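# Fold and contact review
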Amino acid sequence: MAEPQRTGTTRPAATPAEGGAAGAGGPGADGPTDGYVVKVRPEQVVEIAFDGVQHSPRYRAGMALRSARVLHHRPDKPADQADTVEQIRAIHQPE
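Please read all numbers here as calculations on a predicted model, not as lab measurements.

## Observations regarding the overall build of the protein
If you tally the helices and strands in the protein, you get one helix and five strands. For the protein, the sequential pattern of α-helices and β-strands runs β-β-β-β-β-α. In the protein, buried positions account for 32% of the 95 residues. Of the contacts formed within the protein by residues at least 6 apart in sequence, a portion of 56% connects residues at least 24 apart. Summed over all atoms, the accessible surface of the protein reaches about 6,200 Å², with 50% contributed by carbon and sulfur.

## Things to note about the pattern of salt bridges
Any two side chains of opposite charge can pair, so long as their charged atoms come close to each other. Taken as a whole and judged by the stated rule, the model has three salt bridges. Linking Asp 51 and Arg 69 is a salt bridge whose minimum nitrogen-to-oxygen distance equals 3.3 Å. With Asp 51 in the loop between β2 (46-50) and β3 (52-55) and Arg 69 in strand β5 (residues 69-73), this pair connects stretches of sequence that are 18 residues apart. Among the residues examined, Asp 51 registers a relative accessible area of 25% and is labelled partly exposed.

Conventions and cut-offs
- Residues numbered from 1 in each chain as written.
- Predicted model: local features only at pLDDT ≥ 70, side-chain atom pairs only at ≥ 80, totals over all residues.
- Heavy atoms only, no water.
- Helix = DSSP H or I, 4+ residues; strand = E, 2+ residues; numbered from the N terminus.
- Buried < 20%, exposed > 50% of the residue type's maximum accessible area, 1.4 Å probe, protein only.
- Contact = heavy atoms within 4.5 Å.
- Areas by Shrake-Rupley, 256 points an atom, 1.4 Å probe, with all protein chains shown as cover.
- Salt bridge = Lys/Arg side-chain N within 4 Å of Asp/Glu carboxyl O.

Remember that the coordinates give geometry; whether it matters functionally is a separate question.
Structure (structure tokens):
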């Protein structure tokens, strides 16, 4: 039986200080990228669905979302209400 779908609201990408994010630059990027970490300004909130969290040495946070996909743009939520890397880490490493 498949894992239940998890959803959360998050910024389009995390800043390197927050653990990094996948991407290749583009609007909102703030400087050079190594192909995996993209610096963005936290202005838009999107709802992301994912099937799980797994260890990944590729990203500074040490984890990646499995089968992540954007569900909705959330103009009703300010960026300070978005989930953080620490909250995602709690899903990855439950107490």
